[in-house]
Number of protein chains: 2
Amino acid sequence: MPSYKTPLKDIQFVFNELLDYPSHYERLKGCAEASSDLVDAVLNEAAKFSEEVLSPLNRVGDQEGCTWTPEGVIAPTGFKEAYKQYVDNGWPLLSVPEALGGQGLPSSLSMAVTEAVSTANVSWSGYPGLSQGAIKTLIEHGTDWQRDVLLPKLVSGEWTGTMCLTESHCGSDLGQLRTRALPQEDGSYAITGTKIFISSGDHDMADNIVHIVLARLPDAPAGTAGISLFAVPKFNVSDAGGIADRNGVKCGSIEHKMGIHGFATCVMNFEDAKGYLIGEPNKGLACMFTFMNHARLATGMQGLVHSEIAYQGAIPYAHDRLAMRSLSGPKNPDGPADPIIVHPDVRRLLLTIKAITEGCRALSYYTAQQLDLSEYGESEETRKQAESLLALITPICKGFMTELGLEAASHGVQVFGGHGYISEWGMEQNMRDSRISTLYEGTTGIQSLDLLGRKVLGSGGKLLQPLLAEISHYCEGLSTNADMQEFVAPLQDAVQTWQEVSMQAGAAAMENPEEVGAASVDYLMISGYTLFAYLWARMAQVAQQQISAGEGDETFYQGKVHTARFYFQRLLPRVATHKATLASGADNLMAMPEACFALN
Amino acid sequence: MPSYKTPLKDIQFVFNELLDYPSHYERLKGCAEASSDLVDAVLNEAAKFSEEVLSPLNRVGDQEGCTWTPEGVIAPTGFKEAYKQYVDNGWPLLSVPEALGGQGLPSSLSMAVTEAVSTANVSWSGYPGLSQGAIKTLIEHGTDWQRDVLLPKLVSGEWTGTMCLTESHCGSDLGQLRTRALPQEDGSYAITGTKIFISSGDHDMADNIVHIVLARLPDAPAGTAGISLFAVPKFNVSDAGGIADRNGVKCGSIEHKMGIHGFATCVMNFEDAKGYLIGEPNKGLACMFTFMNHARLATGMQGLVHSEIAYQGAIPYAHDRLAMRSLSGPKNPDGPADPIIVHPDVRRLLLTIKAITEGCRALSYYTAQQLDLSEYGESEETRKQAESLLALITPICKGFMTELGLEAASHGVQVFGGHGYISEWGMEQNMRDSRISTLYEGTTGIQSLDLLGRKVLGSGGKLLQPLLAEISHYCEGLSTNADMQEFVAPLQDAVQTWQEVSMQAGAAAMENPEEVGAASVDYLMISGYTLFAYLWARMAQVAQQQISAGEGDETFYQGKVHTARFYFQRLLPRVATHKATLASGADNLMAMPEACFALN
């Protein structure tokens with residue numbers, strides 16, 4: 001794995017120039033502290049911690065993995081110490097409301113920290129990452145006792161949190177879950193059942209772990225309407241918040257898996273474990289969505305993470321590695337061969353990675369602004385609008401960015417040729433680590449159904465229209481800008497396609513509900529490519545303005561314009577294929593009898 | 001990993017119904033023994049050996065890997081015993097000419113055996129696989145002594161062979177290699193240098209290993225014109241063929257890599273190792289191409305291998321795993337949920353894997369017929385024609401099929417959701433194992449340059465025209481077949497596109513040689529998708545004929561027709577995007593200054 005260098009200039013380009021975060025923060029209620037100076041200071045410190053502490057542990061985590069013992073899971077060497085530093089330095093408090101003892105900074109700033117932390121060491125980042133969802137769940141749905149006793153420890157990072165949904169027979173289909181919760185005389189519940197795939201379900205990095213667990217009450221209706229949510233601490237907790245005896249929850253084993261070896265994936269056995277009901281009985285799934293939406297945005301960002309790692313590995317290698325001569329004559333005539341960056345197909349791979357990385361970063365922070373607005377928007381209307389846009393974009397961030405992250409990670413291997421397959425370069429670890437991202441927190445298929453079925457068709461197009469209007473409005477504003485026409489014209493086509501396929505999918509769904517599932521992944525990809533086109537056009541525009549004004553680092557801005565051009569000419573055309581396959585309908589999937597899916 | 005079941009019915013469909021191998025074998029010179037009965041017997045025995053002996057060792061190889069010791073490399077448990085059985089049963093002799101003690105059966109039959117062996121255990125299959133290239137090299141270019149003394153042991157399988165090209169600073173760019181060969185008084189050469197990435201470079205499975213090594217003579221010209229080829233045995237060999245003392249070649253270390261852990265990838269140190277010149281001095285690279293072309297076809301077949309494994313894993317899982325209800329109402333109302341095979345997007349993944357698997361199989365055996373004809377064609381003209389077609393198709397088989405194999409392997413993981421990431425299901429191993437296939441034996445980029453630059457443009461289109469004519473002729477013959485129009489019309493479009501982009505690439509290359517490299521991978525993919533379309537149309541036609549005639553297993557043939565339809569409606573449309581990106585030209589790759597490829 002290349003040792004990580006935080007791309008501060010790229011992050012600041014997105015923050016300051018593309019999305020004008022300074023003004024954005026000024027408009028948020030109670031976030032006045034988030035001045036540019038503070039943002040810079042936070043980013044610099046996050047960069048330092050990520051580069052110096054986390055990045056060196058990345059390969060250690062992969063090679064050593066986690067260790068199961070009867071007493072509990074032990075994280076890889078150095079993970080615990082790094083976590084202590086993270087907590088001691090107050091990182092978990094960054095975007096926690098001041099009323100809860102936090103710094104009260106906007107969530108977007110935490111996301112920028114998460115970018116650095118996760119890219120430096122994605123396995124390590126999962127441990128504090130999951131706590132965020134537990135915190136939000138307790139803030140929104142917890143009882144006074146849970147907020148007074150459990151929450152402060154999670155907020156400070158002294159304890160961590162998990163999310164216990166999956167059982168061996170059900171993942172996305174939570175209606176099937178079997179874990180039981182029996183009411184006890186003291187008002188608590190005795191939780192019994194086995195959960196699998198519990199990320200950071202057990203470890204030795206924090207004093208206690210609060211599991212957020214889905215289970216069924218004895219009289220619960222079948223299916224998803226009978227699921228309740230509970231907080232189940234690893235160690236029982238006194239009312240003063242002290243750690244008491246061990247609760248009835250243990251890690252039975254950890255999974256052997258393709259990657260993220262440093263991140264413990266646990267089978268968790270609950271045996272009459274003491275649990276505390278969160279929210280109302282049988283309404284657990286709704287509460288859990290708070291958690292899941294947060295986790296989905298964070299997981300979406302992993303597309304950025306894996307693409308950035310591929311980029312940081314491939315760029316120096318392509319400059320350094322000498323092989324063959326350029327097709328148009330030697331570029332390094334005094335050397336034994338030219339650096340491979342002269343070869344068009346190597347550049348195609350590098351530019352694909354670059355366009356994906358920077359597109360993912362732009363989309364991540366564009367989305368983070370909506371997250372901020374949904375939390376700190378000045379008016380109710382602003383908050384509602386942001387929530388709607390967030391609901392629409394979340395499955396796109398998760399589904400589309402992780403699919404592209406996989407592609408970029410694979411290209412990162414390819415640039416290295418045979419060396420890409422060898423562990424010491426880190427490109428193969430990145431590809432293995434990336435492969436989980438389209439699976440957990442809901443597969444790409446699940447995201448696409450959420451997007452097309454629930455969000456777009458479910459709202460009768462209402463969630464989509466404002467975004468399409470925003471992009472169209474942007475294009476109209478550039479109708480007289482000659483330099484931008486190479487981007488604006490195809491962007492307008494893409495928006496029109498997005499609009500058309502939305503109508504088309506809606507009409508088809510009325511005839512046959514299978515059409516939604518048949519169209520959904522193509523629809524997701526068209527949505528993602530169009531959003532990327534919108535953001536790449538905006539990046540090109542900002543860069544062109546800076547070049548015209550003679551401001552800043554011209555090479556940097558040229559890179560943006562060239563990459564935007566590459567995106568429009570070589571990645572956006574993928575929409576054509578998705579449009580064609582989407583239009584081909586459900587029959588070519590559904591007409592084949594089940595018996596034909598056979599081993600012959 | 002699913003335990004392997006040889007898809008005999010699918011293989012026999014391609015052999016007997018699609019490609020009429022019985023007539024093909026009758027037309028080969030001296031291959032009359034290859035009767036249908038014999039072919040069936042060979043396939044059945046290969047299936048048995050693959051399923052019973054090799055498949056159970058597949059996960060062992062992954063988990064245990066190879067072990068380096070100062071005395072040599074030890075293959076995973078069971079590999080040596082399996083190899084002994086393979087040799088004792090005479091498998092290596094199958095397609096060796098009778099004059100050399102072999103069975104004299106056509107190469108295509110060996111490829112069918114290789115399909116079964118490789119799918120059961122791709123790591124194991126590499127050990128005997130590499131010997132084939134060494135054998136062909138010695139048959140074509142070896143001295144009498146080499147043919148009399150070394151060859152029989154390789155042919156019998158008692159010894160194995162390797163291919164030592166790569167050095168740490170050069171892989172594809174062999175002109176840079178530094179290994180030296182000093183002439184000795186006895187007519188042999190002292191070879192000194194270090195080779196890396198030497199597959200099966202050392203192991204304990206055979207008594208001796210014959211390394212085929214590229215090195216430079218003292219007075220050799222620089223670059224590729226100064227490379228000679230040598231045979232370097234691990235143990236020195238007496239004139240009677242007996243094993244003498246250890247030669248000066250040792251495995252210095254083995255690589256830790258993403259997958260194919262059971263297949264030793266060695267750093268080989270040559271220190272004054274005794275070597276024997278093969279062919280003429282400084283003409284080594286030309287001799288090596290014999291070896292490489294064979295290896296490229298075999299590697300191309302790995303696309304089939306990894307796709308078949310994904311299929312064999314995903315199909316039973318999709319029938320068994322219960323999750324959610326069908327969008328059009330319950331299909332398994334008495335169960336807690338429907339099997340996931342009812343969901344359109346799961347079917348999209350399964351059909352993609354099925355279309356890739358069966359397309360790869362058809363293309364592999366279509367190509368194998370040309371290999372047979374190039375070796376045993378009755379007339380010089382037939383042999384020449386086959387050689388030309390083979391030269392054209394080899395980079396397509398290698399480049400296109402391995403790219404699709406990666407895709408299929410990844411979809412195999414995706415069908416399993418989170419379980420796909422867990423080692424015990426074997427889908428993640430398959431994906432890790434597959435990732436090497438687009439890298440070794442020349443990356444996809446290298447294959448694409450060979451295809452477009454050397455084969456298509458280099459021959460002025462002469463190599464391509466007969467194939468385009470064959471497909472067009474096929475389409476014309478179906479002009480009155482109404483049932484086939486859904487396939488014939490898009491196939492004709494695809495052929496026309498292939499023709500157009502060939503012209504376009506040629507014209508662009510005359511203006512700017514970078515255009516070749518900028519177009520080549522898109523060109524490779526268009527070629528591959530069109531060839532698949534041709535073969536899928538033919539498979540659909542055969543299946544339709546059988547259904548109309550009421551012959552055979554209707555469900556099986558329906559599966560072919562539906563999968564063909566899926567291919568034409570959902571995979572072939574990818575050509576549109578490749579056509580657009582190809583047409584976008586080299587500027588969007590080459591105009592960006594090198595300095596813009598930077599870490600910011």
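A brief structural summary. Fair warning: this is a prediction, and the values are worked out from it, not measured in the lab.

Calculation notes
Residues numbered from 1 in each chain as written. Chains lettered and ligands numbered in written order. Predicted model: local features only at pLDDT ≥ 70, side-chain atom pairs only at ≥ 80, totals over all residues. Heavy atoms only, no water. Helix = DSSP H or I, 4+ residues; strand = E, 2+ residues; numbered from the N terminus. Rg over C-alpha atoms; globule rule 2.2 N^0.38 Å. Buried < 20%, exposed > 50% of the residue type's maximum accessible area, 1.4 Å probe, protein only. Contact = heavy atoms within 4.5 Å. Areas by Shrake-Rupley, 256 points an atom, 1.4 Å probe, with all protein chains shown as cover. Lys, Arg positive; Asp, Glu negative; His and termini not counted. Charge placed at Lys NZ, Arg CZ, Asp CG, Glu CD. Least-squares fit on C-alpha atoms with pLDDT ≥ 70 in both. Buried area = accessible area lost by both parts, 1.4 Å probe. Salt bridge = Lys/Arg side-chain N within 4 Å of Asp/Glu carboxyl O. Phe/Tyr/Trp six-rings, centres within 6.5 Å; stacked < 30°, edge-to-face > 60°. Lys NZ or Arg CZ within 6 Å of the ring centre and 35° of its normal. Pairing = 2+ DSSP bridges. Polar contact = N/O pair within 3.5 Å; in protein donor to acceptor, adjacent residues only side chain to side chain. Axes fitted to C-alpha atoms, helices over the stretch in contact; angles between N-to-C directions. Parallel < 35°, antiparallel > 145°, perpendicular 65-115°, else oblique. Left-handed = near helix turned anticlockwise from the far one by under 90°. Expected span 1.5 Å × (residues − 1).

## A word on the overall build of chain A
Link 1 in the chain: What chain A contains, in helices and strands, is 19 helices and eleven strands.
Link 2 in the chain: The globule rule puts the C-alpha radius of gyration for 600 residues at 25 Å, and the 24 Å found for chain A is close to it.
Link 3 in the chain: Across the 600 residues in chain A, those meeting the buried criterion constitute 64%.
Link 4 in the chain: Within chain A, contacts between residues at least 6 apart in sequence are counted, and of these 74% link residues at least 24 apart.
Link 5 in the chain: In the form shown here, chain A has an accessible surface area of approximately 20300 Å², with 51% of it arising from carbon and sulfur atoms.
Link 6 in the chain: Of note, chain A has its 43 positive side-chain charges centred 3 Å away from the centre of its 69 negative side-chain charges.

## Notes on the relation of the copies chain B and chain A
Link 1 in the chain: Structural alignment of chain B on chain A gives an RMSD of 0.0 Å, achieved by rotating through 180° and translating 0.0 Å along the axis. Both copies of the chain, as the preceding transformation shows, are related through a two-fold rotation axis. It is T577 of chain B whose C-alpha, among those of chain B, lies nearest the rotation axis, at 3.0 Å.

## Here's the deal with the environment of D522 of chain A
Link 1 in the chain: Positionally, D522 of chain A belongs in helix α16 (residues 514-549).
Link 2 in the chain: A relative accessible area of 7% places D522 of chain A in the buried class.
Link 3 in the chain: Along the sequence, D522 of chain A and S448 of chain A sit 74 residues apart, while their C-alpha atoms lie 8.4 Å from each other.
Link 4 in the chain: Apart from the residues lying within four places of it in its own chain, the contact partners of D522 of chain A are H578, T581 and L582 of chain A together with R570 of chain B.

## Thoughts on the interface of chain B and chain A
Link 1 in the chain: With 100 residues of chain B at the interface, the matching set in chain A holds 100 residues.
Link 2 in the chain: At the boundary of chain B with chain A, total buried surface from both sides reaches about 8700 Å², with 61% on carbon and sulfur atoms.
Link 3 in the chain: For the interface between chain B and chain A, the tally reads two salt bridges.
Link 4 in the chain: Note that R570 of chain B and D522 of chain A form a salt bridge whose closest N and O atoms lie 3.5 Å from each other.

## Notes on the pattern of salt bridges
Residue and element names in this part refer to chain A.
Link 1 in the chain: In this structure the tally under the stated criterion is 46 salt bridges over all chains.
Link 2 in the chain: K354 is the salt-bridge partner of E358, the closest N and O atoms lying 3.0 Å from each other. You can see E358 and its partner K354 sitting in helix α10 (residues 344-376), four residues apart, about one turn around the helix. Taken individually, E358 and K354 each receive the classification buried, so the pair is uniform in this respect.
Link 3 in the chain: For E486, the salt bridge identified is with R565, shortest N-O distance 2.8 Å. A residue pair is termed long-range when its members are at least 10 positions apart, and E486 in helix α15 (residues 485-511) and R565 in helix α17 (residues 554-571) qualify at 79 residues.
Link 4 in the chain: Among the residues examined, E486 registers a relative accessible area of 32% and is labelled partly exposed.

## Some details on the environment of E551 of chain A
All names here are of chain A.
Link 1 in the chain: Mapped onto the elements of the fold, E551 is located in the loop between α16 and α17.
Link 2 in the chain: Of the residues examined, E551 reaches a relative accessible area of 45% and is grouped as partly exposed.
Link 3 in the chain: Those residues in contact with E551, other than ones at most four positions away along the chain, are Q546 and Y557.

## Description of the packing of aromatic side chains
Link 1 in the chain: Tallying each qualifying case throughout the model produces 50 aromatic pairs over all chains.
Link 2 in the chain: When the centroid spacing of 6.3 Å and the interplanar angle of 55° are considered together, the rings of F13 of chain B and Y557 of chain B count as tilted. Remark: Y557 of chain B occurs in helix α17 (residues 554-571) and F13 of chain B occurs in helix α1 (residues 8-18); sequence separation between them is 544 residues.
Link 3 in the chain: One Lys or Arg, R246 of chain A, reaches over the ring of F235 of chain A and ends 5.4 Å from the middle of that ring.

## Let's talk about helix α12 (residues 427-434) of chain B
Link 1 in the chain: By the criterion of burial, α12 of chain B is predominantly enclosed, with eight of the eight residues buried.
Link 2 in the chain: Its buried side turned inward, α12 of chain B meets α12 (427-434) of chain A together with α4 (58-64), α7 (122-141), α9 (284-320) and α11 (380-415) of chain B.

## Brief notes about the pairing of strand β4 (residues 180-183) of chain B
All names here are of chain B.
Link 1 in the chain: Bridge count for β4 against strand β5 (residues 189-199) is four bridges, and the pairing is antiparallel. Bridge pairing links A181 to I191 in β5.
Link 2 in the chain: Adjacent in sequence and paired antiparallel, β4 and β5 are bridged by five residues, among which G187 carries a positive phi angle near 90°.

## Here's the deal with the side chain of R538 of chain A
Residues and elements named next belong to chain A.
Link 1 in the chain: Position of R538 among the secondary structure elements: in helix α16.
Link 2 in the chain: Here R538 occupies a buried position and makes no salt bridge, while the nearest side chain of opposite charge, E470, is found at 4.1 Å.
Link 3 in the chain: Within the local environment of R538, its side chain forms a polar contact with the backbone oxygen of L18, the two atoms lying 3.4 Å apart.
Link 4 in the chain: In this structure R538 touches L18, L19, Y366, E470 and Y474, once residues within four positions along its chain are discounted.

## Some points on the packing of helix α6 (residues 107-120) of chain A against helix α7 (residues 122-141) of chain A
Residues and elements named next belong to chain A.
Link 1 in the chain: Close contact between α6 and α7 brings their axes to 7 Å; oriented N to C, the two are set at 155°. Our classification of the angle between α6 and α7 gives roughly antiparallel. On α7, the residues touching S107, V117, S118 and A120 of α6 are V122, W124, S125 and K136.

## Let's talk about the pairing of strand β6 (residues 208-215) of chain B
All names here are of chain B.
Link 1 in the chain: In terms of burial, β6 is a largely internal element, eight of the eight residues being buried.
Link 2 in the chain: Neither face of β6 is open: one carries N208, V210, I212 and L214, the other I209, H211, V213 and A215, and all of them are buried.
Link 3 in the chain: Inspection of the sheet shows strand β3 (residues 159-164) paired to β6 by six bridges, in the parallel sense. Bridge assignment links M163 to a residue of β6, and that residue is I212.

## Some details on the packing of helix α3 (residues 36-54) of chain A against α6 of chain A
Residue and element names in this part refer to chain A.
Link 1 in the chain: Put simply, α3 and α6 touch, their axes get as near as 9 Å, and they point 20° apart. The angle between the axes of α3 and α6 places the two elements in the roughly parallel class. Crossing angle aside, the handedness with which α3 passes α6 is right-handed. Contacts between α3 and α6 involve V39, V42, L43, A46, S50 and L54 from the first element and L109, A112, V113, A116, V117 and A120 from the second.

## Description of helix α3 (residues 36-54) of chain B
Residue and element names in this part refer to chain B.
Link 1 in the chain: Its 19 residues give α3 an end-to-end C-alpha distance of 25 Å, which sits within 8% of 27 Å, the value for a rise of 1.5 Å per residue.
Link 2 in the chain: All buried positions along α3 are accounted for by V39, V42, L43, A46, A47, F49, S50, V53 and L54.
Link 3 in the chain: Lining the buried residues of α3 we find α1, α2 (21-27), α4, α5 (79-88), α6 (107-120) and α7.

## Quick notes on the environment of C360 of chain A
Residue and element names in this part refer to chain A.
Link 1 in the chain: Tracing the chain through its elements places C360 in helix α10.
Link 2 in the chain: Here C360 falls in the buried class, since its relative accessible area comes to 0%.
Link 3 in the chain: Those residues in contact with C360 that lie beyond four places of it in its chain are G303, L304, M401 and F532.

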